[in-house]
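Fold and geometry: a report
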Amino acid sequence: MTAQLPEPTPRPVPSGELRASHDDREAVVEQLRDAAAEGRIDLDELDSRLEQALTSKTYGELALLTADLPKPPSSAAENLPPLVLKGGVYGASRGPARWEVPGHVIAHAGVGGASLDFTRAECRLAEVVVEAYGETSGVTIVIPDGWATDTTGMDPGFGGLKNKTTPDRLPGTPLIRLTGSGGMAGVVIRHPSKRERRKLDGSATWD
């Protein structure tokens, strides 16, 4: 009997060979346009690099186009500490009053429940990680129309995950990357209800 050879271990893909997304290409395009406006590259170089940026397929190809340019300053929001909500006994919420969104939000429902409302939030990030734990009373997350969510990293748990959002994402809006666990009571992510929309549309100064 012929001995079965072990299957070869997949080779890790170097970071430069990872596939670039539309957002990755758009970020490089913006950096190139800013560089031209600052006089760092001329218009012929700009046209050439823009064409290459729009057809680049990997991070490595994009990196070559900006290797001789200063890195853009990081957004202040990227330096904000994680926001942690703990429902405890009485519950906890953030929003709908205006608030600045950090790159990482953690919500523990506890016994009282937790809610996150992004409808009036200020978000300057392309992506926000929301770690939600439904625990005993559940977590509710409300995002504006045009924002999208990725729930592939979420464990529905016993309580489950209800994703009532649409996949249509408007340009310039953040992606909410949902992780965590539904726990006993579950996690709900949705767009505003009709009542919430009326309140938002009719109360420009409402906080």
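Preceding this section is the structure that the text describes.
**Digging into the environment of valine 188**
- For valine 188, the position within the fold is in strand 10 (residues 187–190).
- In this structure the C-alpha to C-alpha distance between valine 188 and asparagine 163, which are 25 residues apart in sequence, comes to 6.1 Å.
- Ignoring any residue separated from it by four or fewer positions in sequence, one finds valine 188 in contact with Val139, Thr140, Ile141 and Lys162.

**Thoughts on the pattern of salt bridges**
- Enumeration according to the criterion identifies 10 salt bridges in this entry.
- For glutamate 122, the salt bridge goes to arginine 124, with nearest N and O atoms at 3.6 Å.
- With a closest N to O distance of 2.3 Å, aspartate 145 and arginine 197 form a salt bridge. You can see aspartate 145 sitting in the loop between strand 6 (139–142) and strand 7 (148–155) and its partner arginine 197 sitting in helix 4 (residues 194–202), a full 52 residues away along the chain.

**Thoughts on the nonpolar core**
- Ranked by internal contacts, the top residues of the largest apolar core, which has 26 residues, are Leu116, Phe118, Val128, Val130, Val139, Ile141 and Leu178.
- Where this core is concerned, the elements lending two or more residues are strand 1 (83–86), strand 3 (104–108), strand 4 (114–117), strand 5 (127–133), strand 6, strand 9 (175–181) and strand 10.
- The dominant element in this core, judged by the number of residues it contributes, is strand 5, at three residues.
- For valine 139, the contacting residues outside a window of four places in its chain are Ala107, Ala109, Ala114, Ala132, Tyr133, Gly134, Gly186, Val187 and Val188.
- Of all hydrophobic cores here, the second largest spans 13 residues; its members include Val28, Leu62, Leu65 and Leu69.

Calculation notes
- For every chain, the first residue of its written sequence is number 1, and the numbers climb from 1 along that sequence.
- Local features in this predicted model are restricted to residues of pLDDT 70 or higher, and side-chain atom pairs are both shown and tallied only at a pLDDT of 80 or more, whereas totals for entire chains, interfaces and linings draw on every residue.
- In computing side-chain values, all of the structure's heavy atoms are included and hydrogens and water are not.
- A helix here means a DSSP run of H or I that spans at least four residues, while a strand means a run of E at least two residues long, and both kinds are numbered starting from the N terminus.
- A contact between two residues is defined here by any heavy atoms of the two lying within 4.5 Å.
- A pairing counts as a salt bridge when a side-chain nitrogen of Lys or Arg comes within 4 Å of a carboxyl oxygen of Asp or Glu.
- Residues enter a nonpolar core if they are buried and are Ala, Val, Leu, Ile, Met, Phe, Trp, Tyr or Cys, with the set joined through side-chain atoms within 4.5 Å.
- Buried residues are those whose accessible area, probed at 1.4 Å on protein chains only, stays under 20% of the maximum for their type, while exposed residues exceed 50% and partly exposed ones sit between those limits.

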